[in-house]
Amino acid sequence: MSATAFDAAAAARAWRPPPLIASPLLRYAIYGGALLYALLAVGTLEVNWARAAEGLERGARFIAGFFPPDFVTKRHDIMEGLMESLTMTVVSTVIGVALSIPVAVGAARNLAPLPIYLFCRAIIAISRTFQEIIIAIVFVAMVGFGPLAGMLTLSFATIGFMAKLIAEDIEDIAEEQAEAVRATGASWFQLLAWGILPQVKPRLIGLSAYRLDINFRESAVLGLVGAGGIGDTLNTAFDRYEFDTAAAILIVIIAIVLAAEYSSSWIRRKVQ
Amino acid sequence: MPVSRTADDLPEWRRRTTAGDFAVWGAWLAGLALTVACFEFISGRTIWAFVWDAPTQGADLVQRMFPPAWTYADVLWKPMWDTINIATLGTLLAIAIGFPMAFLAAHNTTPSVLFVRPVMLFLIVSSRSINSLIWALILVIVFGPGMLAGILAIGLRSVGFIAKLTYEAIEEIDRTQVEAVTATGASNPQVLAWAIVPQIMPAFAGISVFRWDINIREATVLGLVGAGGIGMQLQASINTLAWPQVTMIFILILGTVVVSEWVSARVRHAVI
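Residues numbered from 1 in each chain as written. Chains lettered and ligands numbered in written order. Predicted model: local features only at pLDDT ≥ 70, side-chain atom pairs only at ≥ 80, totals over all residues.

Asks: It is not clear to me how the overall build of chain B should be interpreted in this structure. Could you clarify?
Replies: Each helix and strand in chain B was counted, giving 11 helices and two strands. Each helix (α) and strand (β) of chain B, taken in turn from the N terminus, gives the series β-β-α-α-α-α-α-α-α-α-α-α-α. The C-alpha atoms of chain B give a radius of gyration of 26 Å, which is well past the 19 Å a tight globule of 272 residues would have. Put simply, chain B has 272 residues, and 39% of those count as buried. Taking the intrachain contacts of chain B between residues at least 6 apart in sequence as the baseline, contacts between residues at least 24 apart amount to 69%. (Helix = DSSP H or I, 4+ residues; strand = E, 2+ residues; numbered from the N terminus. Rg over C-alpha atoms; globule rule 2.2 N^0.38 Å. Buried ≥ 20, exposed ≤ 12 C-beta atoms within 10 Å, placed from the backbone. Contact = placed C-beta atoms within 7 Å.)

Printed below as a string of structure tokens:
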């Protein structure tokens with residue numbers, strides 16, 4: 001028997017890695033379901049392929065329109081939009097973080113009684129479910145066009161994000177320290193200040209920096225529904241077919257997002 | 001250790017030195033001043049008469065939003081199905097591109113640290129910096145309104161997300177398993193398939209499902225810029241001030257997001 005001949009019996013006995021989903025029934029059900037879904041999804045896909053094919057040539061012209069990016073002609077509009085975005089980001093992060101702390105304390109099961117816990121969890125759920133854009137639509141309808149609507153939107157979204165993560169962190173603290181503070185006869189607020197806050201502070205600072213970064217990214221799109229910021233300027237540029245200005249705005253956004261991301265991850269490394 | 005003297009010359013422990021106190025106080029003051037200045041800027045661009053009117057406007061809006069137009073739901077099932085398809089197919093596209101990209105970007109699997117890795121990191125960063133709505137805005141101009149633009153927008157935004165988190169997982173793998181497989185005389189592709197991929201599969205599945213969950217949310221608003229899905233109906237209803245229909249759309253979005261979050265939490269719980 002030559003060594004190279006295929007040995008069916010040995011191949012059958014050969015070790016194979018265990019599959020990701022252990023139960024074969026569930027595994028094949030998922031594969032089958034996925035296949036069925038893929039067929040249905042692709043089957044109901046309404047794509048105008050003729051238009052899409054035309055788009056490639058159009059896209060080339062479009063990309064060509066991007067070059068060279070024009071920072072100068074509309075620099076006042078760009079600066080204005082950018083200032084709106086940046087101020088919106090700062091104020092909404094401060095307000096959002098300040099409001100999220102009481103909500104987080106209320107949403108931590110080890111600190112809050114059940115009714116308050118449920119109330120705070122409900123606030124978090126509402127704030128997290130809806131896209132910023134949808135909340136912005138409602139705020140724009142209420143307070144009118146402009147950066148104030150964007151600021152309120154981002155503050156509201158910040159509450160859900162921060163409160164959820166901080167509440168989880170509060171629930172994970174080392175109980176011994178809280179108990180030690182409690183044993184000194186500390187009041188509830190003293191317990192918060194000396195037993196809980198020092199334990200969650202690094203994460204609080206890290207998450208705030210991260211949220212600042214997210215809020216800037218989001219502020220760049222809120223303008224699409226009239227909530228101010230650089231997105232407004234970008235949308236106007238697209239509407240007027242000023243693609244070179246749009247390219248400049250996109251470059252500015254990417255640059256600031258990069259700077260924000262690096263500084264926020266630097267802050268997080270520092271405090272954690 | 002910061003210690004001060006009380007009136008009768010007894011040492012008293014303090015949290016910070018006097019200089020430290022001033023530094024902290026100064027930092028808070030600077031932060032507050034920045035926030036106030038930013039708010040001043042926003043306030044200058046706000047028509048306050050509209051804002052004072054907001055409670056009335058809000059009450060009016062709520063009154064017009066209820067009761068929801070329940071029968072309108074019949075029209076919404078197809079757009080909702082489209083929305084889910086945009087999110088799912090977009091995520092699949094992102095997985096197909098992002099998975100190999102992650103291996104090219106991770107510094108322990110990349111073919112070239114000097115050439116391939118920086119290019120991949122640049123692609124990942126650009127994909128992540130631009131919000132999917134902005135991607136959609138651009139793609140709608142290129143490919144025309146419709147689902148294709150939505151799928152590509154979701155895909156392009158998610159590539160960076162999936163590739164970034166996956167390459168971080170690849171960089172954190174257990175080296176000893178790689179060594180063990182290498183010691184059997186395995187070739188590079190074999191090491192990849194038997195030592196690296198199995199280690200990151202759970203994380204990768206978790207990341208993909210997490211992104212799918214986010215994409216469901218994002219896909220609900222892509223229609224605002226014409227990229228298909230339920231956002232198109234939302235835009236049409238808002239433009240015609242048909243607020244009961246808007247409420248119905250919100251309810252449907254809420255339901256879908258809650259279900260997708262539940263699915264994603266279950267899957268992540270199962271694989272991690």
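Asks: Help me understand the overall build of chain A in this model?
Replies: The secondary structure content of chain A amounts to 11 helices and zero strands. When its helices and strands are written in sequence order, chain A yields α-α-α-α-α-α-α-α-α-α-α. For chain A, whose C-alpha radius of gyration is 26 Å, the value lies well above the compact-globule estimate of 19 Å for 272 residues. Counting over 272 residues, chain A shows a buried share of 40%.

Asks: Can you help me understand the interface of chain B and chain A in this one?
Replies: A common measure of how large an interface is: the accessible area buried when the components associate. On the side of chain A, 45 residues touch chain B, which itself brings 47 residues to the contact. The biggest single contributor to the side of chain B that touches chain A is helix H9 (residues 188-222) of chain B, with seven residues. Its residues placed into classes, the side of chain B that touches chain A shows 32 nonpolar, 12 polar and three charged. (Nonpolar A, V, L, I, M, F, W, Y, C, P; charged D, E, K, R; others polar.)

Asks: Just to check I follow, could you spell out the UniProt feature "domain: ABC transmembrane type-1" (unreviewed entry) in chain A for this structure?
Replies: The UniProt feature table records "domain: ABC transmembrane type-1" (unreviewed entry) at residues 82-262 of chain A. Taken end to end, residues 82-262 of chain A is 84% helix and 0% strand, and its two terminal C-alpha atoms sit 19 Å from one another. (UniProt positions renumbered as here; feature names shortened; annotations may be inferred.)

Asks: Just to check I follow, could you spell out unusual backbone geometry for this structure?
Replies: Most peptide bonds adopt trans geometry, and most residues besides glycine take a negative phi value. Positive phi, normally seen in glycine, also occurs at Leu241(B), with a value near 55°. Looking at where Leu241(B) falls in the secondary structure, it is placed in the loop between helix H10 (230-239) and helix H11 (243-271).

Asks: I would appreciate a short explanation of the packing of helix H6 (residues 132-143) of chain B against H9(B) in the present structure.
Replies: A packed helix pair is summarised by two numbers, namely the angle formed by the two axes and the spacing between the axes. Residue and element names in this part refer to chain B. Two elements in contact, H6 and H9, have axes separated by 10 Å at closest approach and are oriented at 45°. On the basis of their axis angle, the class for H6 and H9 is oblique. Seen along the crossing, H6 lies across H9 with a hand that is right-handed. Contacts from Ser-132, Leu-133 and Ala-136 of H6 reach H9 at Glu-218, Val-221 and Leu-222. Here the contact of H6 with H9 is composed, by residue class, of four nonpolar, one polar and one charged. (Axes fitted to C-alpha atoms, helices over the stretch in contact; angles between N-to-C directions. Parallel < 35°, antiparallel > 145°, perpendicular 65-115°, else oblique. Left-handed = near helix turned anticlockwise from the far one by under 90°.)

Asks: Please clarify how the UniProt feature "transmembrane region" (unreviewed entry) in chain A should be interpreted in this entry.
Replies: Residues and elements named next belong to chain A. When the UniProt feature table is mapped onto this chain numbering, "transmembrane region" (unreviewed entry) sits at residues 28-49, 85-105, 134-159 and 245-262. Here residues 28-49 is 77% helix and 0% strand, with 34 Å between the C-alpha atoms at its ends. Secondary structure across residues 245-262 divides into 100% helix and 0% strand, with the first and last C-alpha atoms of the span separated by 26 Å.

Asks: Where do I start with the environment of Ala23(B) in this structure?
Replies: All names here are of chain B. With respect to the element layout, Ala-23 can be found in helix H1 (residues 18-44). For Ala-23, a count of 12 C-beta atoms within 10 Å puts it in the exposed group. Along the primary structure Ala-23 and Ser-208 are separated by 185 residues, whereas in three dimensions their C-alpha atoms are 45 Å apart.

Asks: For this particular structure, what's the right way to read the nonpolar core?
Replies: What tends to happen in soluble globular proteins is that the nonpolar side chains get buried as a cluster. Residue and element names in this part refer to chain B. Among the nonpolar cores identified, the biggest contains 134 residues, and Ala-136 and Leu-139 are the most heavily contacted of them. When residues of this core are sorted by domain, at least three fall in each of domain 1 (1-43) and domain 2 (80-271). Excluding its chain neighbours within four sequence positions, the residues that come into contact with Ala-136 are Ala-149, Gly-150, Ala-153, Leu-222, Val-225 and Ala-227. (Core = buried A, V, L, I, M, F, W, Y, C linked by C-beta atoms within 7 Å. Domains from an automatic or database assignment.)

Asks: Explain the domain arrangement of chain B to me, please; I cannot follow it from the model alone.
Replies: Taken domain by domain, chain B comprises domain 1 (1-43) and domain 2 (80-271). Its C-alpha centre places domain 1 of chain B at a distance of 44 Å from the equivalent point of domain 2 of chain B.

Asks: Which parts of the structure should I look at to understand the confidence of the model for chain B?
Replies: Low-confidence regions, as indicated by low pLDDT, have predicted coordinates that should not be scrutinised in detail. Mean pLDDT for chain B: 85, with 99% of residues reaching 70 or above. For this predicted complex, the interface confidence reaches an ipTM of 0.76, while the overall pTM sits at 0.79. (pLDDT = per-residue confidence, 0-100.)

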